[in-house]
Amino acid sequence: MTDLTKLTISQATTGLKNKDFSAVELTTSYINQMEKTDNLNAYITKTTDNALSQAKIADNNIASGNMRPMEGMPIAHKDLLCTKGVKTTAGSKMLDNFTPDYESTVSQKLAESGCISLGKLNLDQFAMGSNGQSSFYGGTKNPWGNDLVAGGSSSGSACAVSARSAIASTGTDTGGSIRQPSAFCGVAGIRPTYGRCSRWGVVAYASSLDQVGPIGKDVRDCAIMLSNMSGHDEKDSTSANIPVPDFEAVLTGDVKGLKIGIPKEYYIDDMPQEIAKIWDNGKKMLVEAGAEIVDVSLPHTKYALPAYYIIACAEASSNLSRYDGVRYGHRVSGKELDEMYELTRSEGFGEEVKRRILMGTYVLSAGFYDAYYIKAQKVRRLVANDFKKAFESVDALLTPITPSPAFKIGENQEDPVKMYLNDVFSVTLNMAGLPGMSVPVGLSDSGLPLGLQIIGKAFDEETVLKASYALEKQAKFDATPNI
Amino acid sequence: MTAIIKGTTGDWEMVIGLEVHAQIISQSKLMSCSPASFGAQPNENVSFVDSAFPGMLPVVNKECVRQAVRTGLALGAKINKKSVFARKNYFYADLPQGYQISQADQPTVGEGVVTIDLQDGTTKEIGIERLHIEQDAGKSIHDQHPEKSFIDLNRSGVGLMEIVSNPDIRSAEEAGAYFTKIQTIVQYIDSCDGIMARGSMRADVNVSVRRVGDKNLGTRTECKNINSVRFIKQAIMVEATRQVEILENGGVIDQETRLFDAEKGETRTMRSKEDAHDYRYFPDPDLLPVVIDDEFINECKDSLPELPDTKKERFINEFGLSSYDGAVLVANKKNASYFEKVASGVKNKKLAANWVVSELFGALKKAELDINDCPVKAQDLAELISLIEDNTISGKIAKEVFADMFKTSKKPAVIVEEKGLKQITDTGAIEGIIDTVITENPNQVAKVKENPKLIGWFVGQVMQKTAGKANPAMVNKLLAQKLK
Amino acid sequence: MSFSNDDVKKVAKLSRIRIDDKQLEQYTNDIQKVLGFMEQLNELNTDNVEPMANPLDGVQVLRNDEIKDGGYPETIVNNATDDTMNFFTVPKVVE
């Protein structure tokens, strides 16, 4: 039999339907691959026993003709999504002992669609980071090279799909955390519009920026995942009450007449040659597929990154106040309440998390609130208005997603600003709440995957997926890591 | 009336503002679907949202917004169609999120005004700065363990209204009257049960002092979480006196949060509130702005009952009550409704007011009973008063009957019947008794001819012989005729 | 704006994070760098711009007042390191 882990969701579903193989066989292949690629450290917690019993149920459903849309698909979740009865750590010592008694809306929806969960995936601690190295459980390695980062913060989510230790995965994207690791690992990932997927049960980093989304082997798998994880949730006040389209239906490859904007501000200073080249290739591919390329301007682009860090840190400083050792999570005893708080939080949080809490506290504190926080909120409006204006003349935008291919573990680490600059192409849409997708389109000079990004209007994931699919078809990216 | 504190270097006046916290009456909590009720077992009324588990999100309870708007309308305050929930960040054992969801620069209710009644019969207007909605905190229990405090989150997340006054209050008495008035209003409209013993209503008291005549405000301190009107007054006096003493000795007042210790009769710095100056308010990113329309506001308006001030005016104008009786009767919604039931069954409303205010309230107070547990039904009291009105019994006998009603809850007519207390209004019968008294007491008859004032003695004799049942007016009239 | 060791101490106190003296300098330098980067925003005139707190231009949906949650105290305290009789515990608080 061919290696079942090479199949996409749509191929595997056809295989199950045709009884070419069973869900138990499919799941077992993935469990074997998990073992084989264990050195990549994609998983924090494996739930293989449970996955196998779920697979048996899936086989029964298939046998009785009650196949659900994603019946028997072995996926895995970023360990930021709370899973009932399964340890949920957020990659932090703070939650090393935390087992929630509730299931996040998104993982619940996927389970109800027939998905099987193989386990919980590694990430930067509390989703803060772009290199996947700040996890309490060790860094995630890139399947394309063991000395390379997988990106972050959804490092395990991209790594597992790339290494075929999960057929698809969930990630979260606050400033690029789905798209950047997807690009680094040569897989597809979409961050949906803010409000498309429920945030309920997802450990919060920055509430006005966080969104859950899928990472998959290709655009179609992402579309299938997204259709099954989206939808209104009355438990999340910022979840949009609008219908969920069948995202797979728009994947025709036909983008005739679609206007694709090229924002000139994304030509940053000292942009590496290979990034400029791949962007140029992307334009040609879309033209080839029938799209029209239009130059547009997003004048406030360069201010999005600093404003993003102000807002994200401010919200994080407040969101992470609940980790105080009293009701769950790590606790260091102290003689007094404040001593207990301080020891617990100093020991439980990693360095980057602490740094962001301190910065967030600072930008909200008396005397600095207007200069930093309010200023950033105003800049956020300007960034959002830029997009609004651009979308008056185009249907979607094509941009780079990362300023480089995956870098070496340990690089960029001494200087936080240098590290934050990795997010320069990704954070802009988070500020405006827009959807964006990273699609692998080629290899760098050093043979590493490079992606491009399609950005769409709010709640127009259909156009994002349609354009991404066209790009994918043209690019014919079929390189795989050597595992 | 401004109360003056006599210092050694001159006279000082107090400037007081109150932040009244009133727990909203609703089924579920402000941001979660767990019960908002009082008195459950530890952490029984707690959801993952209330205990701030990872990934939990708030969703605003419509009823809490509605109650706040109703209260705002009852305070004659401006209703803001757009309001924003913000986070107030601080660490404390009973604050699981590490922040309280509250409202900062965009509260649901803006400026309003409350009229308070003072003991000298005057009234005063106290300005309301704002009313905002926020989450209540949980409870720390300190007396169960030598080294630990226990945390119960049942109260965590219950909706609260914080009603902030302007610094218009000038004495402890005014502060008490203001608090009581707010209590009356929220109880009238059922937006808060007002039960201080349960902590449903509490106040933070802001106090500063300044020399009489000074127009500038002094530095204020805030005494947190005071849970009785008596303590509010005490805390104000203790704190104002402390401030005067410091200032007169050349010291300065620190703007700080203080704790009022009723046992020791002192206020002291609250260590846990050292960060109080930096709550880092910002809009809660888990929530969107609350926007209400005219329809929502009008529905709130239509749901309001007659408010105490309006009711008092009506009692004075329609029933001819005194301002004092009016104020006493409307001060408590249940009392007012009892009185209205009594008044509806009698002709003489003033008489009804007298009976309720003096006899009934007196008896309740003596028996330490709440009006809810009153053994005399309003309808029965009305019947009793009607018996006076139609001359079936005298006012004096009525008091006797009332005492019996209070003890036995029997109907007045039954008691009158059983005890044969019906007033004797038959002229012939009364004349017969008068004749007997005159015949039996020739000496007294002689005396009364010289001194007509002694007629009272005969009245007494007649009443005694009739066990008080003779109509006193008739007795007087007939005696006067016979002893002429 | 200059950011000092004292500023780190102040925000560390506010956020209940203990910073060793050894690490203090590092935190100060790192945060100083990031704040410097953030101050680029001062190049922009934002005088008449409405701050944007959330990307959704919507309004809050108000939920109906129904009891649908609570009633599981054992589960609530189940993840606590230190609990007793369904209470959470903290070191004794003395006011």
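Bear in mind the structure is a predicted one, so any value in this text is a computation, not a measurement.

Describe the sheet that holds strand β8 (residues 139-141) of chain B, and please don't skip the residues or the numbers.
Strand pairing in a sheet relies on backbone hydrogen bonds. The paired strands run either parallel or antiparallel. An order of β8(B)-β9(B)-β2(C)-β1(C) is seen for the four strands of this open sheet, with the pairing classed as antiparallel. Only two strands of the sheet have a single partner each, and these edge strands are β8 of chain B together with β1 (83-84) of chain C. Summarising the sheet, β1 of chain C and strand β2 (residues 87-91) of chain C pair through two bridges and their orientation is antiparallel. Bridge pairing links T84 of chain C to F87 of chain C in β2 of chain C.

Explain the interface of chain A and chain B residue by residue, including any values.
How large an interface is tends to be reported as the accessible area lost when its parts come together. Each side of the interface is counted separately: chain A has 38 residues, and chain B has 30 residues. Surface buried jointly by chain A and chain B totals about 2,800 Å² across both partners, of which 58% is contributed by carbon and sulfur atoms. Together, S237, R322 and R327 of chain A form the three largest contributors to the area buried by chain A at its contact with chain B, with a combined 21%. Across the chain A-chain B interface, the total number found is one salt bridge. A salt bridge links D286 of chain B to R199 of chain A; the nearest nitrogen and oxygen atoms lie 3.1 Å apart. Looking at which element gives the most residues to the side of chain A that touches chain B, the answer is helix α9 (residues 301-319) of chain A, with four residues. Classifying every residue of the side of chain A that touches chain B by side-chain character gives 17 nonpolar, ten polar and eleven charged.

Tell me about the environment of A23 of chain A, and name the residues and values.
All names here are of chain A. Within the secondary structure, A23 sits in helix α2 (residues 23-36). With relative accessibility at 0%, the residue A23 sits in the buried group. Put simply, A23 and D59 are 36 residues apart on the chain and 5.7 Å apart in space, counted from C-alpha to C-alpha. Each residue touching A23, except ones within four places of it in the same chain, is listed here: L16, A55, A58, D59 and G72.

Can you tell me about the interface of chain C and chain A, naming the residues and giving the values?
Each partner contributes residues to the interface: chain C has 53 residues there, and chain A has 69 residues. Overall, the association of chain C and chain A removes approximately 5,500 Å² of surface from exposure, summing both partners, and the carbon and sulfur fraction of that is 64%. A per-residue breakdown of the area chain C buries against chain A is headed by R18, L41 and M52 of chain C, which together make up 13% of the total. Connecting chain C to chain A are six salt bridges. For the salt bridge of K68 of chain C with E234 of chain A, the shortest nitrogen-to-oxygen distance reads 3.4 Å. Summed over the shared surface of chain C and chain A, the result is 25 residue pairs in polar contact (both at pLDDT 80 or more). Mapped onto the side of chain C that touches chain A, the elements with two or more residues apiece are α1 (5-14), α2 (21-38), α3 (73-77) and β2 of chain C. Broken down by element, the side of chain C that touches chain A gets its largest block of residues, nine residues, from α2 of chain C. Looking at the side of chain C that touches chain A, its residues break down into 28 nonpolar, eleven polar and 14 charged.

Help me get a handle on the sheet that holds strand β11 (residues 396-400) of chain A, residues and values and all.
Residue and element names in this part refer to chain A. What the eleven strands build is an open sheet, ordered β1-β3-β2-β6-β8-β7-β12-β13-β11-β9-β10; its pairing is mixed. At either margin of the open sheet sits one strand with a lone partner, and together these are β1 (43-46) and β10 (292-296). Shown here is a sheet whose adjacent strand axes are inclined to one another by a mean of 30°, direction ignored. Pairing geometry for β11 and strand β13 (residues 449-456), over five bridges, is antiparallel.

How would you summarise unusual backbone geometry if you had to cite specific residues and measurements?
Here the bond from G152 of chain A into S153 of chain A is cis, since omega is 5°, no more than 30 degrees from zero. If you check the backbone angles, E368 of chain B has positive phi at about 50° while not being a glycine. Tracing the chain through its elements places E368 of chain B in the loop between α8 (349-367) and α9 (378-389). One non-glycine residue, N86 of chain C, lies in the positive phi region at around 65°. If you trace the backbone, N86 of chain C turns up in the loop between β1 and β2.

Describe the packing of aromatic side chains, and please don't skip the residues or the numbers.
For the structure shown, the criterion picks out 36 aromatic pairs over all chains. Here the aromatic rings of Y267 of chain A and W279 of chain A are separated by 4.4 Å at their centres, their planes lie at 35°, and the arrangement is tilted. Here W279 of chain A lies in helix α8 (residues 273-288) and Y267 of chain A lies in the loop between β9 (259-263) and α8, a separation of twelve residues in the sequence. Assessed through its relative accessible area of 43%, Y267 of chain A is described here as partly exposed. In this structure W279 of chain A comes out as buried when scored by relative accessible area, which is 0%. With 6.4 Å between their ring centres and 20° between their planes, F387 of chain A and F391 of chain A make a pair best called stacked. Per residue, the accessibility class of F387 of chain A equals that of F391 of chain A, and both read buried. Every member of this aromatic cluster is reached through a ring pair, and the members are F98, Y102, F126, W200, Y323, Y328 and F349 of chain A, F48 and F53 of chain B together with Y72 of chain C. For the cation-ring pair, K283 of chain A lies above W279 of chain A, with the distance from its terminal atom to the ring centre recorded as 5.5 Å. In this structure, K88 of chain B is placed above the aromatic ring of Y279 of chain B, and the distance from its NZ or CZ to the ring centre is 4.4 Å.

So what about the nonpolar core? Which residues, and what values?
Ranked by size, the top nonpolar core spans 203 residues in total, and within it F126 and F387 of chain A carry the most contacts. When residues in this core are grouped by element, the largest group, twelve residues, is from α9 of chain A. The contact partners of F126 of chain A, leaving out residues within four places of it in the chain, are L80, A90, S92, M94, L95, V203, Y205, L320, Y323, F349 and V353 of chain A. By size, the runner-up hydrophobic cluster in this structure holds 108 residues, among which are C64, A172, F319 and I385 of chain B.

Quick rundown of the pattern of salt bridges? Include the residues and the values.
Under the defined criterion, the tally for this structure stands at 59 salt bridges over all chains. Its salt-bridge partner being K120 of chain A, residue D79 of chain A comes within 2.8 Å of it at the nearest N-O pair. Remark: K120 of chain A occurs in strand β3 (residues 116-121) and D79 of chain A occurs in the loop between β2 (74-78) and α4 (105-112); sequence separation between them is 41 residues. Both residues of the pair, D79 of chain A and K120 of chain A, belong to the buried class. Taking the shortest distance from any N to any O, the salt bridge between E359 of chain B and K399 of chain B comes out at 3.8 Å. Of this pair, E359 of chain B sits in helix α8 while K399 of chain B sits in helix α10 (residues 395-408), and the two are 40 residues apart along the sequence.

Tell me about the packing of helix α5 (residues 308-319) of chain B against helix α6 (residues 323-330) of chain B, residues and numbers included.
Residue and element names in this part refer to chain B. The N-to-C vectors of α5 and α6 enclose an angle of 140°; their axes lie 9 Å apart at closest approach. What the angle tells us is that α5 and α6 run oblique. Our pair here, α5 against α6, has a crossing hand that is right-handed. For the pair α5 and α6, the contacting residues are P308, K311, K312, F315 and I316 in the first and S323, G326, A327, L329 and V330 in the second. Taken together, the residues that form the contact of α5 with α6 break down as six nonpolar, two polar and two charged.

I'd like a description of α10 of chain B, backed by residues and values.
An α-helical turn contains 3.6 residues, so a residue and the one three or four places further along point in the same direction. Residues and elements named next belong to chain B. Taking 1.5 Å of rise per residue, the 14 residues of α10 would be expected to cover 20 Å, and the 20 Å separating its terminal C-alpha atoms lies within 8% of that figure. Those residues of α10 that fall on the buried side of the exposure criterion are I397, A398, V401, F402, D404, M405 and F406. Looking one or two residues past α10, S409 carries a phi angle of roughly 60°, positive in sign.

Describe the pairing of strand β7 (residues 188-191) of chain A, with residues and values.
All names here are of chain A. Neither face of β7 is left uncovered, since the one carrying A188 and I190 and the one carrying G189 and R191 both have all their residues buried. Sheet analysis places β7 next to strand β8 (residues 212-216), joined by two bridges and oriented antiparallel. Paired with A188 across the two strands is G216, which belongs to β8. Relative to strand β12 (residues 436-443), β7 runs antiparallel, the two being bridged by three bridges.

Give a detailed account of the environment of S182 of chain A, specifying residues and quantitative values.
All names here are of chain A. Here S182 is to be found in helix α6 (residues 179-185). For S182, the contacting residues outside a window of four places in its chain are A158, V187, A188, G189, I215 and S438. At a separation of 2.6 Å, a polar atom in the side chain of S182 contacts the main-chain carbonyl oxygen of I178.

Could you give an account of the side chain of S154 of chain A, naming the residues involved and the relevant values?
Residue and element names in this part refer to chain A. When you line up the elements, S154 lands in the loop between β5 (145-149) and α5 (155-162). Engagement of the side chain of S154 in a polar contact is seen with the backbone oxygen of S177, the distance being 2.8 Å. Discounting chain neighbours no more than four positions away, the residues touching S154 are K78, N122, G171, T172, S177, I178, P181 and I215.

Help me get a handle on the packing of helix α2 (residues 172-188) of chain B against α5 of chain B, residues and values and all.
Residue and element names in this part refer to chain B. Remark: α2 packs on α5, axes separated minimally by 10 Å, with the N-to-C direction vectors making an angle of 90°. One way to sum up the angle between α2 and α5 is to call them roughly perpendicular. Contact residues: α2 offers K181, T184, I185 and Y188, while α5 offers P308, D309 and K311. A class-by-class count of the residues in the contact of α2 with α5 yields three nonpolar, one polar and three charged.

Analysis parameters
- Residues numbered from 1 in each chain as written.
- Chains lettered and ligands numbered in written order.
- Predicted model: local features only at pLDDT ≥ 70, side-chain atom pairs only at ≥ 80, totals over all residues.
- Heavy atoms only, no water.
- Pairing = 2+ DSSP bridges.
- Helix = DSSP H or I, 4+ residues; strand = E, 2+ residues; numbered from the N terminus.
- Contact = heavy atoms within 4.5 Å.
- Buried area = accessible area lost by both parts, 1.4 Å probe.
- Salt bridge = Lys/Arg side-chain N within 4 Å of Asp/Glu carboxyl O.
- Nonpolar A, V, L, I, M, F, W, Y, C, P; charged D, E, K, R; others polar.
- Buried < 20%, exposed > 50% of the residue type's maximum accessible area, 1.4 Å probe, protein only.
- Polar contact = N/O pair within 3.5 Å; in protein donor to acceptor, adjacent residues only side chain to side chain.
- Axes fitted to C-alpha atoms, helices over the stretch in contact; angles between N-to-C directions.
- Phe/Tyr/Trp six-rings, centres within 6.5 Å; stacked < 30°, edge-to-face > 60°.
- Lys NZ or Arg CZ within 6 Å of the ring centre and 35° of its normal.
- Core = buried A, V, L, I, M, F, W, Y, C linked by side-chain atoms within 4.5 Å.
- Parallel < 35°, antiparallel > 145°, perpendicular 65-115°, else oblique.
- Left-handed = near helix turned anticlockwise from the far one by under 90°.
- Expected span 1.5 Å × (residues − 1).

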